[in-house]
Amino acid sequence: MDRRSFLRLASAAFGSAALTPLLGACSGDDRDRTAESALSVPGLLDGAASDAPIDTVVIVMLENRSFDHHLGWLGDDSAYIAAGRRAYGHGFNITAKQVQQYRKPDGRHESTYHLPSTGGPAGGYRGCDYRIPGHGWDTGRAQRDNGFLGRGTHNDTFAIGYYDDTDVAFYASLARRFTVADHHFSSLMGPTFPNRQYLHSATSQGDKSDPKHMDAGMYSHETIWDRLQAASVNARYYYVDTPWLALWGNRLFDRISPIDDYFADAAAGTLPNVVMVDPAFQGPDRADDHPHGDIRIGQRFVQSVFGALANSPQWSRSVFVLTYDEWGGFFDHVEPPVVPDHRESDDDDENFGQTGFRVPTIVASPYVRRGYVDPAVYDHTSILRFLEWRFLGAPAHGTAAPNGKWYLTKRDRFANNLGGSLVTTADGELDFDASAVLAAPTGGCPPPEKRANEGEAGPGDVPQTDAFKELTGTTFGPATETPWLN
C-alpha cells in the first residue's frame, strides 16, 4: 500500500476509532471508573439528526496561524494533562509540541522561541520586524519537504515563533473548558482564498492562489448556503468590513448582514440555525490574526463573538466552532495527510487532496466533553459535513446517499463529521474566565507594514474592483459595533 492510500484509510477510520485508546486505558482500573463513565456518554452522531438538541451553529474562521504556533503550549501544560487523565483515563493526551528545531538552507539549526519575549514593535504580537511567512501552494510544499526554514519556504525566523497561554489567554480558557480538535487541517496546502472557498463549497474550483482582485460574483460554484436555502434552513453570514460571501454574487446577498446584527440577534435569541461570522480584515485594527495584525485584537474579537452566544438564550442549544483558514507558514510538527478530493492527483503539484498543516480549532458547546481532545482527522469540509448531517439529510458517517445527493463534492462526502466532538448530555456551566484576554492594543506596524512574499494576502489585502467597492459602500455598510476594540 502506498503512502497516499494509507493516509486516506487512516483518515476515514480515525474518527470512529478516536476513543479506543482512552477506553482501553480505562478498562480494569478502579481509579478510572470516572473516566470510563465520562467516555461512555453517547455521542451526538449516535442518534438521529432530527433528535439532536443543537439547532444553532456559529462558525468563526480567522487567518494564518498553525496549531503548534498558537496552541503548542498545551502539550506541556501539566495541569491540563492531569485534569484530562483524571477525567478520561491515562491514555488522555494532546498532539502539541512547542519546542522544536528547524534547519536553515546553510545547515544551521534554529530553535522555536517565544515571540513576545523578543520585544520590538507591539512586543512580538504583530511581528512587525519580520516577513510574513510563506503560505502559498509552492512554499507550503517546501515547508512540508524541507522544514519551516528550509530552501523554498521564503521564511525568516518569525515562522518558528510561538505564543503561550498568557498570550492567547481567551483561547486557553476555551481549550481548558471545552474540546480541542488537535488534527484539524486546513483543506489545502495553499493560501487564504482557496481554503475559504472550501469552507463554503468544498472546492476551490481548481484555484491554487489568491485572486488579483476581489469582485462580486467572481465565484460561481454551488455553496452550502444554496443547499441550506433550498432546504428552508435559516442561515446568515455576518461581516465587519469585507463581505466575503458577496464573492458569489447577488444570489447570496440576502444572506449577508453586518456584525451589528449578530450581536442584536444573539441578545434577542433570534440567531439563525447556521451562522458564520468573519472578523475585520482591513487596517491596523484588523481582527483576523493575519500578520501583521495584532493577535490580541483577534483574541478580543473571538471573545466578543463567543460571549454574545454564551449570554444568548440560544446557548443551551448551540455549538461554537473556532478555526483558521490556513496555517500562515507557521511551524507545525504533524505531517498533513492526503484525503479524497474530486481534484486529487498523483502529481503533487496538481493534488488538491493534499491538505495543509494543522490549524487551531476549538469546539465549544454545552454538548462537548469538558477539557477533552478530539483526535479525529478533520478539515474545513468536516464542518460542512456536520451541517449536512444536522440539517440536510446526510448520514452521520460514511458516503452513502440513500436520499439523494447531500454533498457538494467528493471532499465533503468523504470528510469526517465534526459532530463527532459532540455528546448527548449537556454540561451548560460556563465556569471559566471569559474575560481572560490581554488589554486592547493600539497602533499598527511602522511602514513598510508588509514585505513581499508568495501568498501573503488575506481578504483585506487583495485589491477590490471598483464594482466591489461600490457594492460594499452602498449595499453593505461597515460595522458600527466593535466591542473587541473597546
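Preceding this section is the structure that the text describes.
Residues numbered from 1 in each chain as written. Predicted model: local features only at pLDDT ≥ 70, side-chain atom pairs only at ≥ 80, totals over all residues. Heavy atoms only, no water.

Student: Teacher, can you tell me more about the pattern of salt bridges here?
Tutor: Two side chains carrying opposite charge are able to pair once their charged atoms lie near each other. Scanning the model with the defined rule gives 26 salt bridges in all. In this structure, R141 engages D348 in a salt bridge whose closest nitrogen and oxygen atoms are separated by 3.5 Å. Residue R141 is located in helix α6 (residues 137–146), and its partner D348 is located in the loop between β10 (318–324) and β11 (362–364); the two are separated by 207 residues in the primary sequence. In this structure, the salt-bridge partner of D294 is R296, at a minimum N-O distance of 2.8 Å. Each of the two residues, D294 as well as R296, counts as buried. One salt-bridge network, held together by shared partners, links E63, R286, D288 and D461. (Salt bridge = Lys/Arg side-chain N within 4 Å of Asp/Glu carboxyl O. Helix = DSSP H or I, 4+ residues; strand = E, 2+ residues; numbered from the N terminus. Buried < 20%, exposed > 50% of the residue type's maximum accessible area, 1.4 Å probe, protein only.)

Student: Quick question: what am I supposed to make of the packing of helix α10 (residues 259–268) against helix α11 (residues 295–310) here?
Tutor: Working note: a packed helix pair is described by the angle between its axes plus the distance between those axes. Remark: α10 packs on α11, axes separated minimally by 8 Å, with the N-to-C direction vectors making an angle of 35 degrees. As α10 packs across α11, the resulting crossing turns out to be left-handed. Facing I259, Y262, F263 and A266 of α10, the residues of α11 in contact are F301, S304, V305, A308 and L309. Classifying every residue of the contact of α10 with α11 gives eight nonpolar, one polar and no charged. (Axes fitted to C-alpha atoms, helices over the stretch in contact; angles between N-to-C directions. Left-handed = near helix turned anticlockwise from the far one by under 90°. Contact = heavy atoms within 4.5 Å. Nonpolar A, V, L, I, M, F, W, Y, C, P; charged D, E, K, R; others polar.)

Student: Can you walk me through the packing of aromatic side chains in this structure?
Tutor: The description of an aromatic ring pair uses the distance of the two centres, along with the angle that the planes make with each other. Under the counting rule described, the total for this entry stands at 26 aromatic pairs. Consider the rings of F193 and W244, whose centres lie 4.8 Å apart with planes at 50 degrees: the pair is tilted. Placement of the pair is F193 in helix α8 (residues 192–201) and W244 in the loop between β7 (235–239) and β8 (256–258), with a sequence separation of 51 residues. Classification of F193 as buried rests on a relative accessible area of 0%. (Phe/Tyr/Trp six-rings, centres within 6.5 Å; stacked < 30°, edge-to-face > 60°.)

Student: I'm lost on helix α14 (residues 466–474) in this one. Help?
Tutor: Each turn of an α-helix holds 3.6 residues, which means side chains three or four residues apart point in the same direction. Those residues of α14 lying buried are F468, L471 and T472. Along the long axis of α14, the arc covered by the buried residues comes to 90 degrees, so they all point the same way. α14 presents D466, E470, G473 and T474 as exposed residues on the side facing more than 90 degrees away from its buried surface. (Arc of directions from axis to C-beta.)

Student: Looking at this model, I keep getting lost on the pairing of strand β9 (residues 274–277). Mind explaining?
Tutor: Each regular strand carries side chains that alternate between the two faces of the sheet. Side chains of β9 alternate between two faces, with V274 and M276 and V275 and V277 buried alike. The sheet contact formed by strand β1 (residues 56–62) and β9 spans four bridges and is parallel. Bridge pairing in β9 links V60 to V277. In this sheet, β9 lies alongside β7 in parallel orientation, the contact comprising four bridges. Bridged to Y238 within β9 is V277. (Pairing = 2+ DSSP bridges.)

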